[in-house]
Amino acid sequence: MPEAEYRIEDLAHHSGTTVRTIRAYQDRGLLPKPERRGRANVYRDTHLARLRQIGGLLDRGYTLASIKELLDAWATGRGLGGVLGLVAEIDGPWSDEEPGRITRADLDERFGGTQDDEAVADAIGLGILVPLPSSPGEFLVPSPRELAVAAELHAAGVPLRAISGHLRELRTQVEHIASRFLDFTTEHVFQQFLGHPPSDEEATEAASLVRRLRPLAQQTVDAELARAMRTLATRHLHQHLDAWAPNAVPSDSTEAGREPAPERMAPPTEKQQPAMEQVALPAATVRAVRALVGSGNVAAFLTAAAEREVQARVMDGLLPRP
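Residues numbered from 1 in each chain as written. Predicted model: local features only at pLDDT ≥ 70, side-chain atom pairs only at ≥ 80, totals over all residues. Heavy atoms only, no water.

A closer look at the overall build of the chain
The line we're drawing: By definition, any uninterrupted DSSP run of H or I lasting at least four residues is a helix, any uninterrupted run of E lasting at least two residues is a strand, and each is numbered from the N terminus. Between buried and exposed lies partly exposed: a residue is buried under 20% and exposed over 50% of the maximum accessible area for its type, with that area taken using a 1.4 Å probe on protein chains only. A contact between two residues is defined here by any heavy atoms of the two lying within 4.5 Å.
Helices and strands together make up the secondary structure of the chain, namely 12 helices and 6 strands. Across the 322 residues that make up the chain, the buried fraction comes to 24%. For the chain, long-range pairs separated by at least 24 residues make up 56% of all intrachain contacts whose partners lie at least 6 apart in sequence.

So, the environment of Ala 148
Locating Ala 148 in the fold gives a position in helix α8 (residues 144-155). Sequence spacing of Ala 148 and Arg 110 is 38 residues, and the spatial spacing of their C-alpha atoms is 9.2 Å.

Focus: the sheet that holds strand β3 (residues 40-44)
Strands pair in a sheet through their backbones, by hydrogen bonds, and they do so in one of two ways: parallel or antiparallel. Under the convention used in this document: Here, any two strands with at least 2 DSSP bridges between them count as paired.
The strand order across the open sheet formed by 3 strands is β1-β3-β2, and the pairing between neighbours is antiparallel. Of all the strands in the sheet, just β1 (5-6) and β2 (35-37) have a single pairing partner and so form its edges.

Comments concerning the pairing of strand β4 (residues 100-103)
Burial along β4 is one-sided: the face carrying Gly 100 and Ile 102 is buried and the face carrying Arg 101 and Thr 103 is not. Two elements, β4 and strand β6 (residues 138-141), share 4 bridges in a ladder whose sense is antiparallel. The residue of β6 that forms the bridge with Gly 100 is Val 141.

Some words on the packing of helix α9 (residues 160-190) against helix α10 (residues 200-242)
Note the cut-off: Only C-alpha atoms enter the line fits that serve as axes; for helices the fit covers just the stretch in contact. Angles between N-to-C directions range over 0 to 180 degrees. When describing relative orientation, an angle under 35 degrees is termed roughly parallel and one over 145 degrees roughly antiparallel, while 65 to 115 degrees is termed roughly perpendicular and anything else oblique. We call a crossing left-handed when the near helix sits turned anticlockwise from the far one by less than a right angle, and right-handed when that turn is clockwise. Note on residue classes: Ala, Val, Leu, Ile, Met, Phe, Trp, Tyr, Cys and Pro are nonpolar, Asp, Glu, Lys and Arg are charged, and everything else, Gly too, is polar.
Where α9 meets α10, the axes come as close as 11 Å, and the angle between the chain directions of the two elements is 140°. Relative to α10, α9 is oriented oblique. Once α9 is placed against α10, the crossing between them reads as right-handed. Of the residues in α10, those in contact with Ile 177, Phe 181, Val 189 and Phe 190 of α9 are Ala 206, Leu 209, Val 210, Leu 213, Leu 216, Ala 217 and Val 221. Its residues assigned to classes, the contact of α9 with α10 comprises 11 nonpolar, no polar and no charged.

Regarding helix α11 (residues 283-293)
An α-helical turn contains 3.6 residues, so any two residues separated by three or four positions project in the same direction. What counts is decided by this rule: For this quantity, the arc is that covered by the directions from the helix axis to the C-beta atoms.
Where α11 is concerned, the buried positions are Thr 285, Val 286, Val 289 and Val 293. The arc that holds the buried residues of α11, viewed along the axis, is 95°, so those residues lie on one side. For α11, the exposed residues lying more than 90 degrees away from the buried face are Arg 287 and Ala 291. Positioned one or two residues after α11, Gly 294 has a phi angle of 95°, which is positive.

Observations regarding the side chain of Asp 122
With respect to the element layout, Asp 122 can be found in helix α7 (residues 117-126). By relative accessible area, Asp 122 is classed as buried at 18%. Ignoring anything within four residues of it in the chain, the contact list for Asp 122 reads Ser 164 and Arg 168.

Looking at the sheet that holds β6
Ordered in space as β4-β6-β5, the 3 strands form an open sheet in which the pairing is antiparallel. The sheet terminates laterally at β4 and β5 (130-131), the two strands that pair on one side only. Across 2 bridges, β5 lies against β6 in antiparallel orientation. If you follow Val 130 over to β6, its bridge partner there is Leu 140.

Notes on the pattern of salt bridges
How we decide: By definition here, a salt bridge exists when the distance from a side-chain nitrogen of Lys or Arg to a carboxyl oxygen of Asp or Glu is within 4 Å.
Tallied over the full model, the rule gives 14 salt bridges. Asp 96 is the partner of Arg 145 in a salt bridge, and the nearest nitrogen-oxygen pair spans 3.1 Å. Of this pair, Arg 145 sits in helix α8 while Asp 96 sits in the loop between α5 (81-91) and β4; the two residues are 49 residues apart in sequence, bridging distant segments of the chain. The partner of Arg 180 in a salt bridge is Asp 183, with the nearest N and O atoms 3.9 Å apart. Linking Arg 180 with Asp 183, this pair stays in helix α9, spanning 3 residues, or about one helical turn. We classify Asp 183 as partly exposed; its relative accessible area is 42%. Each of Glu 5, Glu 35, Arg 37 and Arg 44 takes part in one network of salt bridges that share partners.

From the geometry alone we can't say anything about function, so treat these as descriptive.
Right, here's the structure in full:
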């Protein structure tokens with residue numbers, strides 16, 4: 001079957017680019033010169049394949065200069081397959097979660113049944129929802145788990161603005177952790193591949209290492225987050241509940257081999273009682289706290305949670321930004 005031939009306008013149409021861009025690529029040496037036939041330039045499938053290759057690399061964040069180096073390496077026989085495999089490995093999903101879809105009607109129902117255009121716009125800005133131009137009123141959900149967490153928090157009484165604000169704050173911290181993990185693995189694992197254009201074999205080996213190491217970051221963070229949450233939540237709960245417990249502890253309550261329980265502070269006297277201010281809370285939040293700590297400890301628990309948030313924000317302000 002003879003190879004297809006294209007005029008420059010046809011090549012632009014099939015590749016999804018413009019005539020001006022094709023000529024710019026030719027001037028930069030990214031695209032081979034066309035065959036001259038009389039007064040016309042003739043392009044072939046090899047030109048179309050090259051344009052699609054360039055477009056794919058641009059979508060992955062490569063500059064035209066770095067693409068030129070890769071293509072030059074390929075032209076001199078150093079191979080491009082391994083590099084493209086490495087690019088695909090890094091650009092691939094970093095979790096086993098599958099994206100989902102949701103309609104605006106289902107989204108509103110999931111978050112209490114009322115429309116909140118500002119909250120939806122906020123979610124789009126954060127990338128939690130991605131509008132689908134081909135399906136008006138429908139969204140792509142890159143992380144259904146993240147959306148499910150937001151829905152559960154909202155059902156428990158957390159305002160949507162607070163959820164999105166918390167996510168922004170969390171995202172900054174997580175990106176710092178990801179940056180540190182990348183620096184760490186680059187220094188100790190991938191340094192050997194840097195400083196020179198990788199051969200096809202080196203790029204293939206690097207892609208294999210990425211595939212092996214990719215799940216380690218998430219596994220490490222999951223384990224450390226679970227440890228920290230258990231330690232800190234237990235510590236804070238005990239500290240604030242103990243402050244309201246009876247002062248006396250029976251001496252015979254200590255089991256052999258265990259340290260005596262710490263002395264419990266008596267409830268504040270009338271003179272010690274801090275100034276109080278009433279705050280309206282969603283009923284669902286109060287019910288959730290009551291189920292967790294009991295009716296008598298609701299106020300202490302909510303006070304502790306608020307104090308912890310204030311302290312965390314103070315600490316964040318003192319930490320240097322990456």
